[in-house]
Amino acid sequence: MLDTVPPERLLARADLCARWAGLALGAVVAQRVAVRDSDDVAMTFLSAVTAFGLCAVGGVLLGDSLTPAPLEAVRTASLAPRRVRDHVPPRMAPLLLFQSACLVVLLLIGVVAASRATA
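What counts, and at which threshold
- Residues numbered from 1 in each chain as written.
- Predicted model: local features only at pLDDT ≥ 70, side-chain atom pairs only at ≥ 80, totals over all residues.
- Heavy atoms only, no water.
- Patch = residues over 30% accessible without salt bridge, like charges linked within 9 Å, V, L, I, M, F, W, Y side chains within 5 Å.
- Areas by Shrake-Rupley, 256 points an atom, 1.4 Å probe, with all protein chains shown as cover.
- Salt bridge = Lys/Arg side-chain N within 4 Å of Asp/Glu carboxyl O.
- Helix = DSSP H or I, 4+ residues; strand = E, 2+ residues; numbered from the N terminus.
- Buried < 20%, exposed > 50% of the residue type's maximum accessible area, 1.4 Å probe, protein only.

Draft legend 1. Representation of a nonpolar patch on the surface in the model. A cluster of nonpolar side chains, Leu16, Trp20, Leu23 and Phe52, forms an exposed patch at the surface whose accessible area comes to about 410 Å². When residues in the nonpolar patch are grouped by element, the largest group, 3 residues, is from helix α1 (residues 7-34). For phenylalanine 52, the location among the structural elements is in helix α2 (residues 41-66). For phenylalanine 52, a relative accessible area of 33% gives the class partly exposed.

Pasting the structure below:
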């Protein structure tokens, strides 16, 4: 049965499995880190988020290493000027703007909280 599937498709499936495995492992590790006894709840939370992120990035890196290299000829790029509109899909632009606004709000909250803590 395995001989009926081309090897490129198996590698593509392994890439997908590696990425999802990184997320699943991150969720398990973050849960284990979050339930340990500690006096500082914030430090436990930050450790759990960091552990999840590291596992997720590890899964992406493993998936990228399993991705087969393209077999076609190397392409060249033209030297035409590009706009932001050329890189961002039109339907994703509102979501990206919303995420940017959320990031700015979170950064401002952090700055305000840090300035009150030092005062």
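Draft legend 2. Looking closely at the pattern of salt bridges. Within this structure, the stated rule accounts for 2 salt bridges. For aspartate 15, the salt bridge goes to arginine 19, with nearest N and O atoms at 2.7 Å. Of this pair, aspartate 15 and arginine 19 both sit in helix α1, 4 residues apart, which is roughly one turn of the helix. Given the relative accessible area of 15%, aspartate 15 is considered buried. Residue class for arginine 19 comes out partly exposed when judged on its relative accessible area of 28%. One salt bridge connects arginine 19 with aspartate 64, and the closest N-O pair in it is separated by 2.5 Å. Here arginine 19, found in helix α1, pairs with aspartate 64, found in helix α2; they are 45 residues apart in sequence, far enough to count as distant.

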